[in-house]
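A structural walkthrough
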Amino acid sequence: MTAEDGPRSEDHLRSEDRPRLVDRLGPAVGDYPPGAVFGPRTAAHFEFVWIIRGRARWTCGETAQDLLPGTLLLVRPGMRDHFAWDPGGSTRHGYVHFTLPAEPGRERWPLVRELGGRDDPMAALCRYLLWLGTERPDGWRPRATGVLRLLLSVFTKGPLPAPGEPRDGVPAPLAAMAAYVRERWSGGTAEPLTLTELAFAAGVSQSTLCRLFRRHFRTGPVAAVELLRLARAEPLLWLSNLSLRAVAKQCGFADAYHLSRRFTAVYGVTPSAFRAAGPEGAPPSPPAAAGLRALIPRE
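If you're wondering where the values come from, they're calculated on a predicted model, not measured in any experiment. Throughout, a residue's number is its position along its own chain's written sequence, starting from 1. In view of the model being predicted, local features appear only for residues whose pLDDT reaches at least 70, and side-chain atom pairs are presented and counted only at 80 or more, with totals across whole chains, interfaces and linings using the full set of residues. Side-chain metrics in this entry use all non-hydrogen atoms of the structure; hydrogen atoms and water are not considered.

**A look at the overall build of the protein**
Counting secondary structure elements, the protein contains eleven helices and ten strands. The buried share among the 299 residues of the protein stands at 42%. Residues are treated as being in contact if the distance between any of their heavy atoms lies within 4.5 Å. Across the protein, every contact between residues at least 6 apart in sequence was considered, and the portion connecting residues at least 24 apart equals 72%. Here the Shrake-Rupley method, with its probe set to 1.4 Å, supplies the accessible areas, and only the displayed protein chains count as covering residues. Roughly 15,400 Å² of accessible area belongs to the protein as shown, and the carbon and sulfur atoms make up 54% of that amount. The helix count covers DSSP runs of H or I at least four residues long, the strand count covers runs of E at least two residues long, and both are numbered beginning at the N terminus. With a 1.4 Å probe rolled over the protein chains alone, any residue whose accessible area is under 20% of its type maximum counts as buried; one over 50% counts as exposed, and the rest are partly exposed.

What follows is the structure, given as structure tokens:
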């Protein structure tokens, strides 16, 4: 099953698919002198390799990859590969060997990912794996297995997309509009937006934007933006002592009365009743019910 398959998209590594560490083969650090080589060998396990210092040349058949600090390599069982470490200096790399139950599609997993960037947790997970494997505190093995599972999931699924990158299944014009909404609301206030400016941000006509929106979300873009503004009131009602007037200001409504009128029309209860009910007793969030979660700003 590939990373794009749907039924297991939220967590495609089930509990029975959890990786199992191979004894005495990491997580650990390896140091090699200049010009050292390893292989050709036929990999018996899955193996993550990442360069800490120096460099290496990894080859597998006709595939060749330069490994530099910040590059994470996933070797799969059965690969016939070869490592040539930096001829000009010593090389240090981290590694961990593990097994997984066989399943079709894993041959299409990526070979390498780049570590680093604000939205990429893999570098921190690699460092934590090495700490667990080196220090071996009480209970280190199940902790390392959990970290490895998360690392493998992020590696195969990919790190967080860039803020302006379209989400899966969202047409480019709607993704562009969502990026504009995110930018306009980045200051903390979810101000109302007109159809004219939303269509301009999407790069399409107003009629095209409305048609795309109704096709994908069964509502219009202006109505969708209002639902997102109302949804911003939810945590402010539950997790703050802000007055309704202050909540209304944060969500782009003229005053508490305006917020209360629109909130009641959409949620079926007043903001005060919603606050009193708490997350367990409150009605569901309209953006989620309308399938608008893909348009909710990530940050």
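**Structural notes on the side chain of Thr 145**
Checked against the element boundaries, Thr 145 lands in helix H2 (residues 140-157). Residue class for Thr 145 comes out buried when judged on its relative accessible area of 18%. Setting aside chain neighbours within four positions, we find Thr 145 in contact with Pro 19 and Leu 21.

**Brief notes about the sheet that holds strand E3 (residues 37-42)**
Spatial ordering of the open sheet is given by E3-E8-E5-E6, a layout of four strands whose pairing is antiparallel. Because the sheet does not close on itself, it has two edges, and the strands there are E3 and strand E6 (63-67). Neighbour-to-neighbour, the strand axes of the sheet open up by a mean angle of 15°, direction not taken into account. When DSSP finds two or more bridges between two strands, those strands count as paired. Bridging between E3 and strand E8 (residues 80-85) involves four bridges; their strand directions are antiparallel. Along E8, the bridge assignment pairs Val 37 with Ala 84. Lines fitted to C-alpha atoms define the axes here, with helix axes fitted over just the stretch in contact, and angles between the N-to-C directions of these axes take values from 0 to 180 degrees.

**Notes on the environment of Ser 90**
Within the secondary structure, Ser 90 sits in the loop between E8 and strand E9 (91-99). The spatial distance from the C-alpha of Ser 90 to the C-alpha of Pro 34 is 4.8 Å, given a sequence separation of 56 residues. The contacts of Ser 90, once residues within four sequence positions are left out, are Tyr 32, Pro 33, Pro 34, Arg 53 and Gly 54.

**Here we look at the confidence of the model for the protein**
Put simply, the protein has an average pLDDT of 86, and 86% of its residues get 70 or more. One confidence number per residue, pLDDT, is output by the predictor and ranges from 0 to 100. Considering only residues more than four positions removed or in separate chains, one finds that residues 1-13, a stretch of pLDDT under 50, has 22 contacts.

**A short note on helix H3 (residues 172-184)**
Compared with the 18 Å implied by 1.5 Å per residue over 13 residues, the 18 Å span of H3 between its first and last C-alpha is a close match. For H3, the set of buried residues is Leu 174, Ala 175, Met 177, Ala 178, Val 181 and Arg 182. The arc that holds every buried residue of H3, seen down its axis, measures 160°, which confines them to one face. Projecting away from the buried face of H3 at angles above 90 degrees are the exposed residues Ala 172 and Glu 183. One less than the number of residues in a helix, times 1.5 Å, gives the span that helix is expected to have. The arc under discussion is defined with respect to the helix axis, by the directions toward the C-beta atoms.

**Overview of the environment of Gly 61**
With respect to the helices and strands, Gly 61 occurs in the loop between strand E5 (56-60) and E6. Its relative accessible area of 72% is what places Gly 61 among the exposed residues.

**Details of the pairing of E9**
Among the nine residues that make up E9, seven are buried, leaving the element largely enclosed by the rest of the structure. Bridge analysis of strand E1 (residues 20-21) against E9 gives two bridges, and the strand direction is antiparallel. From the neighbouring strand, Arg 20 faces E9, where its bridge partner is Thr 99. As defined by bridge partners, strand E2 (residues 28-32) adjoins E9 across five bridges and the pair is classed as antiparallel. The residue of E9 that forms the bridge with Gly 30 is His 93. Relative to E9, strand E4 (residues 46-53) is paired through seven bridges, and the arrangement is antiparallel.

**Side note on the pairing of strand E7 (residues 71-75)**
Counting buried positions along E7 yields five of five residues, so the element is predominantly enclosed. Residues Thr 71, Leu 73 and Val 75 line one face of E7 and the alternating positions Leu 72 and Leu 74 line the opposite face, and both faces are buried. Direction of pairing for E4 relative to E7: antiparallel, over a ladder of four bridges. Looking at the pairing, Glu 47 lines up with Val 75 of E7. As defined by bridge partners, E7 adjoins strand E10 (residues 112-114) across three bridges and the pair is classed as antiparallel.

**Regarding the packing of helix H1 (residues 122-135) against H2**
Taken N-terminus to C-terminus, the directions of H1 and H2 make an angle of 160°; their axes are 10 Å apart at the nearest point. Classified by the angle between their axes, H1 and H2 sit roughly antiparallel to one another. Of the two elements, H1 crosses H2, and the hand of that crossing is left-handed. Contacts between H1 and H2 pair Met 122, Leu 125, Cys 126, Tyr 128, Leu 129, Trp 131, Leu 132 and Gly 133 from the former with Trp 140, Arg 143, Ala 144, Val 147, Leu 148, Leu 150, Leu 151, Val 154 and Phe 155 from the latter. By definition in this entry, angles of less than 35 degrees are roughly parallel, angles greater than 145 are roughly antiparallel, angles of 65 to 115 are roughly perpendicular, and the rest are oblique. Put simply, a crossing is left-handed when the front helix is turned counterclockwise from the back one by less than a right angle, and right-handed when it is turned clockwise.

**Quick word on the nonpolar core**
Counting residues in each nonpolar core, the largest one holds 26 residues, and the members touching the most others are Phe 48, Trp 50, Leu 72, Leu 74, Phe 98 and Leu 151. Listed by contribution, the elements that provide at least two residues to this core are E4, E7, E9, H1 and H2. A total of eight residues in this core trace back to one element, the largest contributor, which is H2. Counting residues in each nonpolar core, the second largest holds 20 residues, with Ala 190, Ala 199, Leu 209 and Ala 224 among its members. The definition of a nonpolar core used throughout is a set of buried Ala, Val, Leu, Ile, Met, Phe, Trp, Tyr and Cys residues joined through side-chain atoms within 4.5 Å.

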